[in-house]
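Take a look at the letters that make up each chain.
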Amino acid sequence: MEKSKNKSLRAWEIAALMALSLALCAGTWAQTRQQNISSALVRLHVIADSDAAEEQEIKLEVRDAVLAYLTPVLEETESQQQARQIIRDNLEGIAQAAGSAARGRQVSVTLSRESYPTREYEGFTLPAGRYESLRVILGRGQGKNWWCVVFPPLCLSAAESEKVQDVLNGEDLSIVTEEEGYVLRFRLVELWGEFLNTVLNAAGG
């Protein structure tokens with residue numbers, strides 16, 4: 001009886017270890033994929049002062065002013081690293097462009113890593129996670145936000161999925177376009193990104 005109990009316990013322990021190993025492998029894979037995807041992009045996040053109709057209108061005017069400034073500046077950019085450096089070098093100019101359309105609202109412009117939820121675009125979907133982000137906050141920054149991708153330049157383009165192919169390839173591209181057989185893998189990356197967002201937000205990061 002004792003031997004049977006010990007065998008049963010060992011079998012349960014082995015099953016638990018195998019499940020833990022699979023979970024760790026899936027987490028490591030999802031983390032790598034999310035990092036690969038996020039390291040290829042720079043996103044734009046514009047946050048209105050409040051949800052009042054006028055403030056939401058100003059938010060869109062600021063968005064247009066920022067994109068008008070950034071589009072020629074980033075036109076020849078070939079990598080996220082290059083885009084990030086160009087944006088960092090032009091933060092003052094971006095702030096001035098935003099301020100010109102902000103109708104006197106205070107404007108804060110930063111470039112940093114930021115948590116994003118899953119977002120669908122034309123022809124592809126970006127999973128939740130941490131992305132390099134140009135963040136434009138108007139006034140108190142308590143209104144509805146607007147976001148897009150400034151590298152590659154997708155904010156003003158109707159052929160978005162084609163430009164994603166320029167910076168993502170192989171398995172990463174198959175994941176964001178959710179090609180046949182990749183839906184489950186996209187979901188794993190999405191769940192990892194949501195988990196990471198929750199942990200970092202709870203830690204104040």
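Residues numbered from 1 in each chain as written. Predicted model: local features only at pLDDT ≥ 70, side-chain atom pairs only at ≥ 80, totals over all residues. Heavy atoms only, no water.

Asks: What should I look at first to understand the nonpolar core in this one?
Replies: Nonpolar side chains in soluble globular proteins generally cluster together in the buried interior. Counting residues in each nonpolar core, the largest one holds 27 residues, and the members touching the most others are Leu44, Val62, Val66, Ile87, Leu134, Val136 and Val150. Elements supplying a minimum of two residues to this core: β1 (42–47), α2 (53–73), α3 (80–89), α4 (91–100), β2 (107–116), β5 (129–138) and β6 (145–151). Of all the elements, α2 adds the most residues to this core, at six residues. Apart from residues no more than four positions distant in its own chain, Val66 is found in contact with Leu44, Ile94, Ala98, Leu134 and Val136. (Core = buried A, V, L, I, M, F, W, Y, C linked by side-chain atoms within 4.5 Å. Buried < 20%, exposed > 50% of the residue type's maximum accessible area, 1.4 Å probe, protein only. Helix = DSSP H or I, 4+ residues; strand = E, 2+ residues; numbered from the N terminus. Contact = heavy atoms within 4.5 Å.)

Asks: Even after reading the chapter, I still don't get the side chain of Gln56, so can you show me in this structure?
Replies: Among the structural elements, Gln56 can be located in helix α2. Residues within four places of Gln56 in sequence aside, it is in contact with Ala48, Ser50, Asp51, Gly143 and Lys144.

Asks: Whenever I open this one, the confidence of the model for the protein chain confuses me. Can you help?
Replies: As a note on interpretation, predicted positions should not be read in detail where pLDDT is low. Confidence along the protein chain averages 83 in pLDDT terms, with 80% of residues attaining 70 or more. Of all helices and strands in the protein chain, the one with the weakest mean pLDDT is helix α1 (residues 2–38) (62), whereas α4 scores best (97). (pLDDT = per-residue confidence, 0-100.)

Asks: Quick question: what am I supposed to make of the environment of Phe124 here?
Replies: Structurally, the position occupied by Phe124 is in strand β4 (residues 124–126). In this structure Phe124 comes out as buried when scored by relative accessible area, which is 3%. For the pair Phe124 and Ser174, spaced 50 residues apart in sequence, the C-alpha separation works out to 9.3 Å.

Asks: Can you help me understand the packing of aromatic side chains in this one?
Replies: Where two aromatic rings form a pair, the distance of their centres and the angle of their planes describe that pair. One pass over the full model with this rule turns up three aromatic pairs. Aromatic pair Tyr116 and Tyr131: ring centres 5.9 Å apart, planes at 90°, arrangement edge-to-face. Residue Tyr116 is found in strand β2, and its partner Tyr131 is found in strand β5; the two are separated by 15 residues along the sequence. Neither residue differs from the other here; Tyr116 and Tyr131 are each classed as buried. Between Tyr116 and Trp147, the ring centres sit 6.0 Å apart and the planes meet at 90°, which makes this aromatic pair edge-to-face. (Phe/Tyr/Trp six-rings, centres within 6.5 Å; stacked < 30°, edge-to-face > 60°.)

Asks: Just checking my understanding: could you explain the packing of α2 against α4 for this structure?
Replies: The relative placement of two packed helices comes down to the angle between their axes together with the axis-to-axis distance. Running from N to C, α2 and α4 point in directions that differ by 145°, and their axes come no closer than 8 Å. Here α2 and α4 pass one another in a crossing that is right-handed. Across from Val62, Ala65, Val66, Tyr69 and Leu70 in α2, the residues of α4 making contact are Gly93, Ile94, Ala97 and Ala98. (Axes fitted to C-alpha atoms, helices over the stretch in contact; angles between N-to-C directions. Left-handed = near helix turned anticlockwise from the far one by under 90°.)

Asks: Explain the side chain of Asn90 here, please?
Replies: By secondary structure assignment, the location of Asn90 is in the loop between α3 and α4. Ignoring any residue separated from it by four or fewer positions in sequence, one finds Asn90 in contact with Tyr69 and Val73.

Asks: What exactly am I supposed to notice about the state of the cysteines here?
Replies: Two cysteines, two sulfur atoms, one covalent bond between them: this is a disulfide. This model, assessed by the stated rule, comprises one disulfide. Here Cys148 pairs with Cys155 through a disulfide, and the sulfurs are 1.6 Å apart. Where Cys148 bonds to Cys155 through sulfur, the torsion about that S-S bond is close to 70°, and the disulfide is right-handed. Judged by its relative accessible area of 3%, Cys148 falls in the buried class. (Disulfide = S-S within 2.5 Å.)

Asks: What exactly am I supposed to notice about unusual backbone geometry here?
Replies: Generally, phi is negative for residues other than glycine and the peptide bonds are trans, each holding for most cases. Look at the link from Phe151 to Pro152: it is a cis peptide, with omega at -10°. With respect to the element layout, Pro152 can be found in the loop between β6 and α5 (160–167). One non-glycine residue, Arg103, adopts positive backbone phi at about 50°. With respect to the helices and strands, the residue Arg103 is situated in the loop between α4 and β2.

Asks: What is the right way to look at the sheet that holds β6 in this model?
Replies: Pairing between the strands of a sheet comes from backbone hydrogen bonds, and it takes one of two forms, parallel or antiparallel. Taken together, four strands build an open sheet; the order of strands is β2-β5-β1-β6 and the sheet is mixed. The two strands at the open ends of the sheet, each matched to only one other strand, are β2 and β6. Across the sheet, the mean angle separating the axes of adjacent strands is 30° when strand polarity is ignored. Here β1 runs beside β5; their pairing, made up of six bridges, is parallel. Pairing of Ile47 across the sheet is with Ile137, part of β5. (Pairing = 2+ DSSP bridges.)

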